Each structure stands twice: as C-alpha cells, then as structure tokens.
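# Understanding the architecture of this molecule
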Amino acid sequence: MNRAVLSALASGALFGVGLAISGMTDARRVLGFLDVAGEFDPTLLFVLGGAVVTTLVAFRLVLARAHPLFADAFRLPASRRIDAPLVAGAAVFGIGWGLAGYCPGPALAGLGAGSVEALWFVPAMLTGLLIQRALAGRPGTAPGDEKPPAA
Amino acid sequence: MIANWPAALGGGILIGLAATLLLWTNGRIAGISGIVDGVLRPRLGDALWRIAFLAGLVVAAGLCILFVPGAPQPRTDFPRAMLVVAGLLVGFGTRLGNGCTSGHGVCGLGRLSPRSLAAVLTFVATAMATTYVVRHLLP
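Since the model is a prediction, treat every value here as computed from it, not as a measurement. Within each chain, residues carry numbers counting from 1 in the order of the written sequence. Chain A is the first chain written and ligand 1 is the first ligand written, with later ones labelled in order. Local features in a predicted model are, by the rule used here, given only for residues with pLDDT of at least 70; side-chain atom pairs are given and counted only at 80 or more, and totals for whole chains, interfaces and linings are based on all residues.

### Considerations on the UniProt feature "transmembrane region" (unreviewed entry) in chain A
Residues and elements named next belong to chain A. Within the UniProt annotation, "transmembrane region" (unreviewed entry) is assigned to residues 44-63, 84-102 and 108-131. Runs of E in the DSSP output that reach at least two residues are strands. Runs of H or I that reach at least four are helices, and both are numbered from the N terminus. For residues 44-63, helix accounts for 100% and strand for 0%, while the C-alpha atoms at its two ends are 27 Å apart. Secondary structure across residues 108-131 comprises 88% helix and 0% strand; the distance between its end C-alpha atoms is 19 Å. UniProt positions are given in the numbering used here, feature names are shortened, and annotations may be inferred rather than shown by experiment.

Quick look at the structure:
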C-alpha cells in the first residue's frame, strides 16, 4: 500500500471517529435538529459548525500549497454554476434525510457497528445511486471527480 | 433535550481535520456519497484510496460505537419501509446533486463554494419541511 492510500485510510478512520462521538450516528438527534417545530436538538449545529470552521481555516492553508503531498494536483469541483440538477438533487436528498435522519456518512458509520437500521438503509441508498446513474447514463462528476483545472 | 455539545463540537472538529488530511495528502474532497460512487464505478488507479477511506470510516466508527463507553447508540426501531424509501431518495438525490452533508456541507462550505451553499440551504430546507410533515401533519 502506498502513502496516498494509507493517508486515505487514516483520514477515513478519523472521519469515522468524529462521526461516532459527534452523535450524528443517532438519527433521533438528527431528526431532533430538523424538527424545528418540536423539541429542538442543536447537536447537528455544533457538529457542522466545528467541522466547517476547521475546514474554512485548514483548507486555506492546504490549498496554498502547489500540490498535495502524495498526488500531482488537487481535484476540486470545477463547476460553480447553480443549476437545476444541483438544486433538484439536493431537494430529493433532503426529503430522504428528513424522512429517516440518515445522510450517507452516519449510515455507513452505523453499518460498522452492525446497526439494524443501517443494514436496511445502506443497500437502498446504493440502489438509489445506481438508479440515478442508469437514468443519467453519463459518467459521474462527483465533487473531486473533475479533472484538475489547467495550470 | 440538551445536547452533549462538547462531544458534538469535538466530533465536528475531527471530521473537519479528517477532510483536511484527505485534501492535504490526496488532493481529494471528503464527500462520502462521491467516494462511494467512485467505488461502484471503479476506474484504474482511482479505486484503492476510496476503498481505504471507506474501510477506515466504517471500521473506526463501528469500533467507537461498540466499545467506547457512553458513545451515542444508533436507533433500532424505525419502520423498515421508511428506511428503504429514505435510502433510495438519499442515494438518488446525492448523485443528482453531486454531494451530501460532507461534500457540500463540510468541504464545500469550507471552500466558500456558492454551489455548495445553495445545495446545503436546499437540503436543510426540504429535510426540515419533510420532518415537519411527518411529525406534525400526518396522523
């Protein structure tokens, strides 16, 4: 295994530990945040706030470098257009998130603990992903999948 | 219910550091839905880092949930049919919109991306509306 893959493993592990202690793996807390008319639970705000303040500062430092440690170039989403697929996709994702309280990361984290709900949710999520791909019939342009901007 | 905010804040900071580590070493955005997508459509030289990241996430989170005293435990009693419908929508929507809470939320907002801000505002709004309908309007 090379250094890039080992770093990705470490990053994933750190991400998983963060998810597990943050409380986001408990969908009741997520729905407690989304349910503004109920007993509001601000947990998610602290998680997202802590994460975004960190990336706001640290991404700036990292992106000031000429290239990543173990790769040729940063792979950042090139598009800055707010188009219909973006808004429609986010809207559909939000409906699913609001229904059960799982977004992809916490669902995968739950899978690691053998959570019975994750065992139902994750295969459905992968199916939804494949359905979208089949309907779109185009290669993916996930964030980070785009070619690096020409230097 | 008063949230356990120090753990939430600490967990959030760890998530931000994890995203920073991936960008710093691999030059990649830590968007979970996008990383999963790349594993399902593997391309030569582009699959191994994704598998390593996801394996690290699943195993480390699982170990924490199972063995760290006081770790928040997953819910177990939600209707199975709802989980399946929600999963389909989350998988479909995150691919159509090119990102989820991690890619658009944690990473996109950190990059001050207008696209990601639009996505985050949209999915938080529809999620809140959905939760309101399910909890307060449906019998």
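### Things to note about the packing of helix α1 (residues 3-22) of chain A against helix α1 (residues 5-26) of chain B
Running from amino to carboxyl end, α1(A) crosses α1(B) at an angle of 165 degrees, the nearest separation of the two axes being 7 Å. Between α1(A) and α1(B), the angle is such that the two are roughly antiparallel. Here α1(A) runs over α1(B); the crossing is left-handed. All amino acids are sorted into three groups, where Ala, Val, Leu, Ile, Met, Phe, Trp, Tyr, Cys and Pro are nonpolar, Asp, Glu, Lys and Arg are charged, and the leftover types, Gly among them, are polar. Looking at the contact of α1(A) with α1(B) residue by residue, the class counts come to 16 nonpolar, nine polar and no charged. For helices, the fitted axis covers only the stretch in contact; all axes are lines through C-alpha atoms, and the angles between them, taken along N-to-C directions, range from 0 to 180 degrees. When an angle is under 35 degrees it counts as roughly parallel; over 145 it counts as roughly antiparallel; between 65 and 115 it counts as roughly perpendicular; any other value is oblique. Working rule for handedness: look at the near helix, and if it is turned counterclockwise from the far one by less than a right angle, call the crossing left-handed; if clockwise, right-handed.

### Overview of the nonpolar core
For this entry, the nonpolar core is defined as buried Ala, Val, Leu, Ile, Met, Phe, Trp, Tyr and Cys residues connected by C-beta atoms within 7 Å. Remark: C-beta atoms are placed from the backbone, and a residue is labelled buried if 20 or more other C-beta atoms sit within 10 Å of its own, exposed if 12 or fewer do, or partly exposed between those counts. Judged by nonpolar contacts, the single largest core of 89 residues is most densely connected at A:F121, B:A18, B:L57 and B:A61. By residue number, the principal contributor to this core is α1(B), which donates 11 residues. Contact definition: two residues whose C-beta atoms, as placed from backbone geometry, lie within 7 Å. Excluding its chain neighbours within four sequence positions, the residues that come into contact with B:A18 are A:S11, A:L14, A:F15, A:G18 and B:A30.

### What to know about the UniProt feature "transmembrane region" (unreviewed entry) in chain B
Residues given the UniProt feature "transmembrane region" (unreviewed entry) here are residues 7-27, 47-68, 80-97 and 117-138 of chain B. The annotated region residues 7-27 of chain B carries 95% helix and 0% strand content, and the separation between its end C-alpha atoms amounts to 28 Å.

### Re the interface of chain B and chain A
Interface size is commonly expressed as the accessible area that is lost once the parts come together. Contact residues are listed per partner, giving 107 residues for chain B and 110 residues for chain A. Mapped onto the side of chain B that touches chain A, the elements with two or more residues apiece are α1, α2 (32-40), α3 (48-67), α4 (80-96), α5 (101-110) and α6 (114-137) of chain B. Of all the elements, α1(B) adds the most residues to the side of chain B that touches chain A, at 21 residues. Taken together, the residues of the side of chain B that touches chain A break down into 63 nonpolar, 35 polar and nine charged.

### Quick word on the packing of α5(B) against α6(B)
Residue and element names in this part refer to chain B. The contact between α5 and α6 brings their axes to 8 Å, and the two run at 145 degrees. When the axes of α5 and α6 are compared, the crossing they make is left-handed. Counted together, H104, G105, G108 and L109 of α5 and R115, S116, L117, A119 and V120 of α6 form the full contact between these two elements. Grouping the constituent residues of the contact of α5 with α6 by class yields four nonpolar, four polar and one charged.

### A short note on α6(B)
An ideal rise of 1.5 Å per residue puts 34 Å on 24 residues; α6(B) measures up with 33 Å between its terminal C-alpha atoms. Buried within α6(B) are the following residues: B:R115, B:S116, B:A119, B:V120, B:T122, B:F123, B:V124, B:T126, B:A127, B:T130 and B:T131. In this scheme, a helix's expected span is set at 1.5 Å multiplied by one less than its residue total.

### Details of the environment of A:Y102
Within the secondary structure, A:Y102 is located in the loop between α4 (84-100) and α5 (104-112). Note on A:Y102: 31 C-beta atoms within 10 Å, which makes it buried. Once the C-alpha coordinates of A:Y102 and A:L44 are considered, the two residues, 58 residues apart in sequence, prove to be 12 Å apart. Apart from residues no more than four positions distant in its own chain, A:Y102 is found in contact with A:A27, A:W97, A:A107, A:F121, B:A86 and B:V90.

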